[in-house]
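Here is how the chains run, residue by residue.
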Amino acid sequence: MVGIAGLPVVDHHCHLSPAGEGARAAVRFRAAGGTHLFVATQNYEPLVPTDLDSYERQFLTTERLAREVTASSRVVAYVVVAPYPIDLGRAAETLGVGPALELQRRALDLAGRWVRERRAVALGEVGWPHFPVTAEVGEATRHAFRHALEVAHDVGCPVVVHSPDLDPAGYRELDAEAKRAQLPVHRLVKHYARGRLDPAVGVDVVPSYLARRDLVNEILPDPGPWFLETDYLDDPRRPGAVLDLATVPRRATAIAGRSTSDAERLAVPFVRSVEQVYGLTPQLPER
Ligand SMILES: [Zn+2]
């Protein structure tokens with residue numbers, strides 16, 4: 001099977017790990033009809049990075065996994081890199097908050113260079129923790145996030161945001177942050193969106209929706225841009241912690257089987273949103 005309903009099939013956010021299934025997970029994705037994966041970096045080592053070399057090693061691992069994905073399954077893998085925002089508080093325990101923030105800044109600059117060199121398509125995940133942190137760490141996290149937006153502005157790329165669930169006010173705040181950094185519209189993506197962002201809220205932040213069946217059906221008529229993702233976590237210690245990597249193609253197959261008009265809606269997350277946000281056109285692979 002190649003694509004679904006004549007369209008590429010894109011999972012906008014997943015993680016792969018050399019300690020887990022790695023590139024083999026993409027074979028299942030492909031067998032279900034998937035064609036394109038956005039592979040976000042993560043810590044592959046037991047401790048959070050406390051120096052820039054560790055981040056570079058981490059990004060290189062992500063890049064290698066992406067190459068393996070394409071080699072083994074011919075799924076196109078886009079690399080997304082940044083220091084994980086939650087690292088900051090953990091690194092601060094050994095480095096102190098100031099140096100931990102400086103490390104985040106330098107790792108974000110490194111991620112920006114990767115985008116400039118076309119080794120990555122976006123900065124991600126950046127943002128702030130989904131759990132309470134001290135005021136000092138919270139403040140430093142905010143500075144790191146603003147730096148991420150500046151880097152994205154300078155290199156001209158999207159930003160994939162990790163944050164707690166956002167209500168309309170939260171989306172408006174994020175929208176204001178993007179405008180403050182003069183990021184072009186539709187360049188800020190809220191990943192792991194678990195509830196519909198009503199287009200009437202009128203923000204330019206792009207939701208990347210967790211591909212749960214009920215949520216996908218709810219947002220399908222929305223004009224976009226919006227994405228579908230699994231946030232697949234390739235972690236043998238946490239099986240079933242998130243949706244399986246075959247989920248997006250499975251949902252797409254079900255939708256495409258309902259009606260032609262439903263099938264056509266899939267062009268929003270799989271083609272038009274990728275074009276609008278990333279300036280990339282996902283092509284249907286040959287076979
Ligand atoms: Zn993630």
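This text follows the structure it describes.
Residues numbered from 1 in each chain as written. Predicted model: local features only at pLDDT ≥ 70, side-chain atom pairs only at ≥ 80, totals over all residues. Heavy atoms only, no water.

A look at the layout of surface pockets
Then step 1. Here the largest pocket defines a volume of roughly 1000 Å³.
Then step 2. Lining the largest pocket are 36 residues, with Gln42, Tyr84, Leu233, Asp235 and Arg238 sitting closest to its centre.
Then step 3. Listed by contribution, the elements that provide at least two residues to the lining of the largest pocket are α3 (87-95) and β6 (188-193).
Then step 4. Counted by class, the lining of the largest pocket contains 15 nonpolar, 9 polar and 12 charged residues.
Then step 5. Taken as a whole, the second largest pocket encloses approximately 420 Å³ of empty space.
Then step 6. If you trace the second largest pocket, you find 20 residues lining it, with Val115, Arg118, Ala120, Val121 and Leu280 closest to the centre.
Then step 7. Listing elements by their share of the lining of the second largest pocket, those giving two or more residues are α2 (52-73), β3 (76-81) and α4 (97-116). (1 Å grid on protein atoms, 1.4 Å probe; cavity = no way out; pocket = protein on both sides within 12 Å on 5 of 7 lines; lining within 4 Å. Points joined across faces, edges and corners; volume = space filled by probe spheres on them. Helix = DSSP H or I, 4+ residues; strand = E, 2+ residues; numbered from the N terminus. Nonpolar A, V, L, I, M, F, W, Y, C, P; charged D, E, K, R; others polar.)

Quick notes on the packing of aromatic side chains
Two aromatic rings, taken as a pair, are described by how far apart their centres are and by the angle between their planes.
Then step 1. Summed over all chains, the structure comprises 7 aromatic pairs.
Then step 2. Measuring from centroid to centroid gives 4.7 Å for Phe38 and Tyr78, while their planes differ by 45 degrees, and the two rings are tilted. Taken together, the positions of Phe38 in strand β2 (residues 36-40) and Tyr78 in strand β3 put the pair 40 residues apart, joining distant regions of the chain.
Then step 3. With a relative accessible area of 11%, Tyr78 lands in the buried category.
Then step 4. Aromatic pair Tyr55 and Phe59: ring centres 6.3 Å apart, planes at 50 degrees, arrangement tilted. One end of the pair is Tyr55 and the other is Phe59, both in helix α2 and 4 residues apart, which spans about a single turn. With respect to class, Tyr55 is no different from Phe59; both count as buried.
Then step 5. Taken together, the ring pairs connect Phe38, Tyr78, Phe227 and Tyr278 into an aromatic cluster. (Phe/Tyr/Trp six-rings, centres within 6.5 Å; stacked < 30°, edge-to-face > 60°. Buried < 20%, exposed > 50% of the residue type's maximum accessible area, 1.4 Å probe, protein only.)

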